[in-house]
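Topology and contacts: notes
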Amino acid sequence: MSLALAPIDMTVDIEANLPCRKFDPDMWFSDSPAQLELAKSLCGDCPLRAECLAGAVDRAEPWGVWGGEIFERGAVVPRKRPRGRPRKADVARDAELAVEVEERLAANGLDTRSSVRLAA
């Protein structure tokens, strides 16, 4: 099995204040939807965001926040669902967020049809 890694932008200082190195790493792998949303928002200004996301897509990361997106079972999900049956409003919101996730992936140069599996 080959480990695919995205090329790193060498103009970025690796010791920079990257959010995943500055804050508690467990936040990026939390079971709490609120903590995962916070981790996603912290990724917004990260200079390695695109490389992180591309690497996670290539590796089909099983879970966690990578490049500002939530991965669950190797698929990008718009948000982490709490346990139990979702409310109807949440189902409708998930459909809207799935479109938004596809747009963000496309903005990062990732073809959602071939390289990323979106969770239903």
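Cut-offs and rules
- Residues numbered from 1 in each chain as written.
- Predicted model: local features only at pLDDT ≥ 70, side-chain atom pairs only at ≥ 80, totals over all residues.
- Heavy atoms only, no water.
- UniProt positions renumbered as here; feature names shortened; annotations may be inferred.
- Pairing = 2+ DSSP bridges.
- Helix = DSSP H or I, 4+ residues; strand = E, 2+ residues; numbered from the N terminus.
- Axes fitted to C-alpha atoms, helices over the stretch in contact; angles between N-to-C directions.
- Buried < 20%, exposed > 50% of the residue type's maximum accessible area, 1.4 Å probe, protein only.
- Arc of directions from axis to C-beta.
- Contact = heavy atoms within 4.5 Å.
- Salt bridge = Lys/Arg side-chain N within 4 Å of Asp/Glu carboxyl O.
- Polar contact = N/O pair within 3.5 Å; in protein donor to acceptor, adjacent residues only side chain to side chain.

By the naming in an unreviewed UniProt entry, the chain is Transcriptional regulator WhiB, taken from Actinoplanes subglobosus. Quoted verbatim from the Subcellular location (unreviewed entry) field of UniProt, the annotation for the chain is "Cytoplasm". As recorded by UniProt, the Function (unreviewed entry) comment attached to the chain reads in full: "Acts as a transcriptional regulator. Probably redox-responsive. The apo- but not holo-form probably binds DNA."

**Here's the deal with the sheet that holds strand 3 (residues 75-77)**
If you trace the 3 strands from one edge of the open sheet to the other, you get 1-2-3, paired in antiparallel fashion. Either end of the sheet is taken by a strand with one partner, and the two such strands are strand 1 (63-66) and strand 3. Looking at each pair of strands side by side, their axes are set apart by 35 degrees on average, direction ignored. In this structure, strand 2 (residues 69-72) lies alongside strand 3, joined through 3 bridges in antiparallel fashion. When the bridges of strand 3 are listed, phenylalanine 71 appears paired with valine 76.

**What to know about helix 2 (residues 33-43)**
Given 3.6 residues to a turn, an α-helix orients residues that are three or four positions apart in the same direction. Among all positions of helix 2, only Leu36, Ala39, Lys40 and Cys43 are buried. For helix 2, the buried positions fall inside an angular range of 100 degrees around the axis, keeping them on one side. The inward-facing, buried residues of helix 2 abut helix 1 (19-22), helix 3 (49-59), strand 1, strand 2 and helix 4 (88-107).

**Considering the pattern of salt bridges**
Opposite charge on two side chains permits them to pair, given that their charged atoms come into close proximity. Evaluation of the coordinates by the stated rule reveals 5 salt bridges. The salt bridge involving arginine 73 is made with glutamate 72; its shortest N-O contact spans 3.8 Å. Overall, the relative accessible area of 68% leaves arginine 73 in the exposed class. Of the residues examined, glutamate 72 reaches a relative accessible area of 24% and is grouped as partly exposed. For arginine 104, the salt bridge identified is with glutamate 100, shortest N-O distance 2.7 Å. Taken together, the residues arginine 104 and glutamate 100, both in helix 4 and 4 residues apart, mark about one turn of the helix. The class of arginine 104 is partly exposed, set by a relative accessible area of 22%.

**Points about the UniProt feature "binding site: [4Fe-4S] cluster" (unreviewed entry) in the chain**
The feature "binding site: [4Fe-4S] cluster" (unreviewed entry), as given by UniProt, occupies Cys20, Cys43, Cys46 and Cys52 in the numbering adopted here. Sequence-wise these annotated residues cover 33 residues; spatially they are packed, their C-alpha atoms never more than 10.8 Å apart. Locating cysteine 43 in the fold gives a position in helix 2. Classification of cysteine 43 as buried rests on a relative accessible area of 8%. With respect to the helices, strands and loops of the structure, cysteine 52 is situated in helix 3. If sequence neighbours within four positions are ignored, cysteine 52 has contacts with Trp66 and Gly67.

**Description of the side chain of lysine 40**
Along the chain, lysine 40 turns up in helix 2. A distance of 3.2 Å separates a polar atom in the side chain of lysine 40 from the backbone oxygen of proline 78. Residues in contact with lysine 40, not counting those within four places in the same chain, are Val65, Gly68, Glu69, Ile70, Pro78 and Arg104.

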